[in-house]
Amino acid sequence: MSNLNIGIILGSTRQGRVSPQVGEWVKGIADGRGDASYEIVDIAEYNLPFLGEGTGEEPGLAAWNAKLSSLDGFVFIVQEYNHSITGSLKNAVDSAREAWNDKAAGIVSYGSTGGARAAEHLRGILGELSVADVRVHPTLSLFTDFENYSVFKPADLHLTNVNAMLDQVVAWSGALKTLRA
């Protein structure tokens, strides 16, 4: 399935965010597998207007939709803020529609409770967009996997869950690609 393209979506645009560290860690693991092409997709680079506030003609919107359309599956790097996903991630998800359909997604979350509540919110949103989210869900703790809440130092035990999640994302992405053909 080396013809699969999987985007690792960084779910935060905040100053001082740690999602790039987590995303690069997941990408390093993924690249070592050789089962798909993986790339970091940083929503901060698209300068998306808030849904309904722009003209709909902003270059970032077209580029965002084109990027999503080029991907067969996703791994979301999700941080929990106030028991949910970030506003920037919700806006980015809402800024596309058909580009999400009939694709698979995995979630790697972090927060005080491993980001579990944010991941559950994201699952509901993805279901509405016909994205098949996979079962295995690596959860990272701000208390044990980050030094001073800012330097990512994951415990070795997470490697098993990341690989299991990627197994499922690749399998489902390949299966769902046949629907889009």
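Preceding this section is the structure that the text describes.
Visitor: Please provide a residue-by-residue account of the packing of aromatic side chains, values included.
Guide: For the structure on display, the rule yields nine aromatic pairs. Where Tyr 46 meets Trp 64, the ring centres are 5.2 Å apart and the plane angle is 65°; that geometry is what we call edge-to-face. Taken together, the positions of Tyr 46 in the loop between β2 (37-42) and α2 (59-69) and Trp 64 in helix α2 put the pair 18 residues apart, joining distant regions of the chain. Neither Tyr 46 nor Trp 64 differs from the other in exposure class; each is buried. An angle of 70° between the planes, with centres 6.2 Å apart, marks the rings of Trp 64 and Trp 100 as edge-to-face. One end of the pair, Trp 64, is in helix α2; the other, Trp 100, is in the loop between α3 (87-94) and β4 (103-111), and 36 residues separate them in sequence. Comparing Trp 64 with Trp 100 shows no difference in burial state: the two are buried.

Visitor: Break down the packing of helix α1 (residues 19-31) against helix α5 (residues 158-180) for me, citing the residues and quoting the values.
Guide: Relative to each other, α1 and α5 sit at 65°, their axes nearing to 10 Å. Judged on the interaxial angle alone, α5 and α1 are roughly perpendicular. With respect to the hand of their crossing, α1 and α5 are arranged in right-handed fashion. Across from Trp 25, Ile 29 and Ala 30 in α1, the residues of α5 making contact are His 158, Leu 159, Val 162, Asn 163 and Leu 166. Of the residues belonging to the contact of α1 with α5, the class tally is six nonpolar, two polar and no charged.

Visitor: I'd love a proper account of the nonpolar core, names of residues and values included.
Guide: Counting residues in each nonpolar core, the largest one holds 28 residues, and the members touching the most others are Ile 9, Trp 64, Phe 76 and Trp 100. Elements that contribute at least two residues to this core include exactly α2, β3 (73-79), α3, β4 and α4 (116-128). At five residues, α4 tops the list of elements feeding residues into this core. Those residues in contact with Trp 100, other than ones at most four positions away along the chain, are Ile 9, Trp 64, Leu 68, Phe 74, Phe 76, Ala 92, Val 93, Leu 129, Ser 130 and Val 131. Among the nonpolar cores identified, the runner-up in size contains 26 residues, and Val 18, Leu 140, Met 165 and Leu 166 belong to it.

Visitor: How would you sum up the pairing of β4? Please name residues and give values.
Guide: Each regular strand carries side chains that alternate between the two faces of the sheet. Counted residue by residue, β4 has nine buried out of nine residues, so it is predominantly covered. Of the two faces of β4, both are covered, the one formed by Lys 103, Ala 105, Ile 107, Ser 109 and Gly 111 as well as the one formed by Ala 104, Gly 106, Val 108 and Tyr 110. With seven bridges joining them, β3 and β4 adopt parallel strand pairing. Counted as the bridge partner of Gly 73 is Ala 104 from β4. In this fold, β3 hands off to α3, which returns the chain to β4; that crossover is right-handed. Bridge count for β4 against strand β5 (residues 131-133) is three bridges, and the pairing is parallel. Each residue of the ladder has a partner; that of Ala 104, found in β5, is Ala 132.

What counts, and at which threshold
Residues numbered from 1 in each chain as written. Predicted model: local features only at pLDDT ≥ 70, side-chain atom pairs only at ≥ 80, totals over all residues. Heavy atoms only, no water. Phe/Tyr/Trp six-rings, centres within 6.5 Å; stacked < 30°, edge-to-face > 60°. Helix = DSSP H or I, 4+ residues; strand = E, 2+ residues; numbered from the N terminus. Buried < 20%, exposed > 50% of the residue type's maximum accessible area, 1.4 Å probe, protein only. Axes fitted to C-alpha atoms, helices over the stretch in contact; angles between N-to-C directions. Parallel < 35°, antiparallel > 145°, perpendicular 65-115°, else oblique. Left-handed = near helix turned anticlockwise from the far one by under 90°. Contact = heavy atoms within 4.5 Å. Nonpolar A, V, L, I, M, F, W, Y, C, P; charged D, E, K, R; others polar. Core = buried A, V, L, I, M, F, W, Y, C linked by side-chain atoms within 4.5 Å. Pairing = 2+ DSSP bridges. Right-handed = clockwise from strand over helix to strand, strands pointing away.

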